[in-house]
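Listed below, chain by chain, are the residues.
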Amino acid sequence: MKRFVYIKPVRHVQIGHVYEHLYYYRLVQAFREQGLFAYVDYSIDARTYYDGYVYLEVFLYNSRAQRVADLIKTIHITPDEDHINGALLQIMAEKHANIATIDDKVLLDTLQEYDISPWLPLEDLSVESFKPTRKTHRGLSFSNRSTRQFATMTQRIQLDTSSVSLDRNIAKALFIVVANTLRQNLQDAIAESSFCYSVDDTFTMKRGALVDINTYRIDKRQATELTTEAETAQEFITEVEKYNLIQSIVDFLGSASIDKHLSMPSEQEVMDKVGIVVGEKGWHAISTRQDIQQLLRHTTIEFRLGKMKQTIRFSTLLTDTNAKPL
């Protein structure tokens, strides 16, 4: 596993925040084009600080991901109208905000300025070497809005445990990993396509089911009913097969190591959610394609917004196991 940390100075913090969103989703797209998935291959943490910089931390967990590490420094954002408007809607949902002032030319020019400025590796920065430039507020500002002007959309990833033939504890442990993988990748896909913001995730265990729930905040001016969420989830399931996500999960668990940061599922999370303890040897023992396939075939993804509900079943979209390995 390798960790990369970069800093990029920004003189306009709000436009820097827009750049952060545009860059983050472009990097996710670039990683996906290489067949990489969040949670099992990489993790990204991007933040904008009012002190005048964007902070970027990327963990690459395996050799496949590390081979494309240069993407972090070489990709460029897509500063067209649709992508910029999408990022602005995400930020408004994130901050419970409205756009107070905007100058399209200043916004675009500043984004292009940030796009060509280099990322500064953290290891090269001394106390004196990073001095944020004089800040400006010209070109974009936000104002607060009432929370009532935003809606909540939920995404439920659910396993029907009554239909699974696995040992009960193995099913619980594996579902934590499967659900985390699905949720973290869907969070990015749904936020980008629906222009919403992921605010919380919870987990419930009830008779016959394990449920991973993610909550998104969305501007009511953007959507009051479900639109493309099911389509986005179905496209993701297609990518599950195309890029062999199941094998990525198998490899991730098969190489689990307590000595390496973030290179195995959190034992505290597993204990908190399903009340069992799984160690390094346990993950190695249960990381099989057949068991993960079985879990997915009994897993559904459900979206809810207002009175609307959409459900996607993996069993109807994944290739027949007997016909073609996933």
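The paragraphs below set out a description of the structure included in this document. (Residues numbered from 1 in each chain as written. Predicted model: local features only at pLDDT ≥ 70, side-chain atom pairs only at ≥ 80, totals over all residues. Heavy atoms only, no water.)

### Overview of the sheet that holds strand β2 (residues 42-49)
The strand order across the open sheet built from four strands is β2-β3-β1-β5, with neighbouring strands paired in antiparallel fashion. Two strands in the sheet have a free side with no partner beyond their single neighbour: β2 and β5 (120-121). As paired strands, strand β1 (residues 2-9) and β5 are joined by two bridges and run antiparallel to one another. Across the sheet, Tyr6 pairs through a bridge with Pro121, a residue of β5. Contacts from helix α1 (residues 13-33) reach β1, β2 and β3 (53-60), with the element oriented near 170° to β2. (Pairing = 2+ DSSP bridges. Helix = DSSP H or I, 4+ residues; strand = E, 2+ residues; numbered from the N terminus. Contact = heavy atoms within 4.5 Å. Axes fitted to C-alpha atoms, helices over the stretch in contact; angles between N-to-C directions.)

### Regarding the packing of aromatic side chains
Applying the stated rule across the entire model yields 13 aromatic pairs. Their ring planes at 40° and their centres at 6.2 Å tell us that Tyr19 and Trp119 sit as a pair that is tilted. A residue pair is termed long-range when its members are at least 10 positions apart, and Tyr19 in helix α1 and Trp119 in the loop between α5 (104-116) and β5 qualify at 100 residues. Its relative accessible area of 9% is what places Trp119 among the buried residues. One aromatic cluster is present, built from ring pairs that chain together Tyr19, Tyr23, Tyr114 and Trp119. (Phe/Tyr/Trp six-rings, centres within 6.5 Å; stacked < 30°, edge-to-face > 60°. Buried < 20%, exposed > 50% of the residue type's maximum accessible area, 1.4 Å probe, protein only.)

### Details of the sheet that holds strand β8 (residues 197-206)
Spatial ordering of the open sheet is given by β8-β9-β7-β10-β11, a layout of five strands whose pairing is antiparallel. Edge positions in the sheet fall to β8 and β11 (308-313), since each has one partner strand and no second. The sheet shows a mean angle of 20° between the axes of neighbouring strands, taken without regard to direction. As paired elements, strand β7 (residues 150-160) and strand β10 (residues 299-305) share seven bridges and run antiparallel to each other. When the bridges of β10 are listed, Gln155 appears paired with Phe303.

### Quick look at the pattern of salt bridges
The full count for this structure, using the stated rule, is 13 salt bridges. In this structure, the salt-bridge partner of Arg32 is Glu239, at a minimum N-O distance of 2.6 Å. Highlighted residues: Arg32 in helix α1 and Glu239 in helix α7 (residues 229-242), separated in sequence by 207 residues. A salt bridge links Arg221 to Asp219, with the nearest nitrogen and oxygen atoms 3.0 Å apart. (Salt bridge = Lys/Arg side-chain N within 4 Å of Asp/Glu carboxyl O.)

### A look at the packing of α1 against helix α4 (residues 81-95)
Interaxial distance between α1 and α4 falls to 9 Å at its minimum, and their mutual angle equals 110°. Classified by the interaxial angle, the pair formed by α1 and α4 is roughly perpendicular. The two elements α1 and α4 cross, and the hand of that crossing is right-handed. For the pair α1 and α4, the contacting residues are Gln14, His17, Val18, His21, Leu22 and Tyr25 in the first and His83, Ile84, Ala87, Leu88, Gln90, Ile91, Glu94 and Lys95 in the second. Split into classes, the residues belonging to the contact of α1 with α4 amount to seven nonpolar, five polar and two charged. (Parallel < 35°, antiparallel > 145°, perpendicular 65-115°, else oblique. Left-handed = near helix turned anticlockwise from the far one by under 90°. Nonpolar A, V, L, I, M, F, W, Y, C, P; charged D, E, K, R; others polar.)

### Observations concerning the layout of surface pockets
Here the largest pocket defines a volume of roughly 990 Å³. Contributions of two or more residues to the lining of the largest pocket are made by α1, β2, β3, α6 (168-194), β8 and α9 (267-274). Per element, the largest residue contribution to the lining of the largest pocket is six residues, and it comes from β2. Class assignment for the residues of the lining of the largest pocket results in 16 nonpolar, 10 polar and 11 charged. The space that makes up the second largest pocket amounts to roughly 590 Å³. Lining the second largest pocket we find 26 residues, and of these Tyr25, Gln29, Asp188, Ala189 and Glu192 sit closest to its centre. Those elements that place two or more of their residues in the lining of the second largest pocket are α1, α4, α6 and α7. Looking at the lining of the second largest pocket residue by residue, the class counts come to nine nonpolar, nine polar and eight charged. (1 Å grid on protein atoms, 1.4 Å probe; cavity = no way out; pocket = protein on both sides within 12 Å on 5 of 7 lines; lining within 4 Å. Points joined across faces, edges and corners; volume = space filled by probe spheres on them.)

### Focus: a negative patch on the surface
A contiguous patch of negative charge on the surface is contributed by Asp80, Glu81, Asp82, Asp103 and Asp104. Tracing the sequence through the fold places Asp104 in helix α5. Since its relative accessible area comes to 58%, Asp104 is described here as exposed. (Patch = residues over 30% accessible without salt bridge, like charges linked within 9 Å, V, L, I, M, F, W, Y side chains within 5 Å. Areas by Shrake-Rupley, 256 points an atom, 1.4 Å probe, with all protein chains shown as cover. Lys, Arg positive; Asp, Glu negative; His and termini not counted. Charge placed at Lys NZ, Arg CZ, Asp CG, Glu CD.)

### Considerations on helix α8 (residues 245-254)
Of all 10 residues in α8, seven are buried, a share of seventy percent or more. Three or more residues of α8 are buried, namely Leu245, Ile246, Ser248, Ile249, Val250, Phe252 and Leu253. Taken together, the buried residues of α8 touch α2 (63-66), α6, α7, α10 (280-286) and α11 (289-297).

### Comments concerning the packing of α1 against α5
Between α1 and α5, the shortest axis-to-axis distance is 10 Å and the interhelical angle comes to 60°. It follows from the interaxial angle that α1 and α5 lie oblique. Note on packing geometry: the crossing formed by α1 with α5 is right-handed. Residues Ile15, Gly16, Val18, Tyr19 and Leu22 of α1 touch α5, and the partners they reach there are Val106, Leu107, Thr110, Leu111, Tyr114 and Asp115. Looking at the contact of α1 with α5 residue by residue, the class counts come to eight nonpolar, two polar and one charged.

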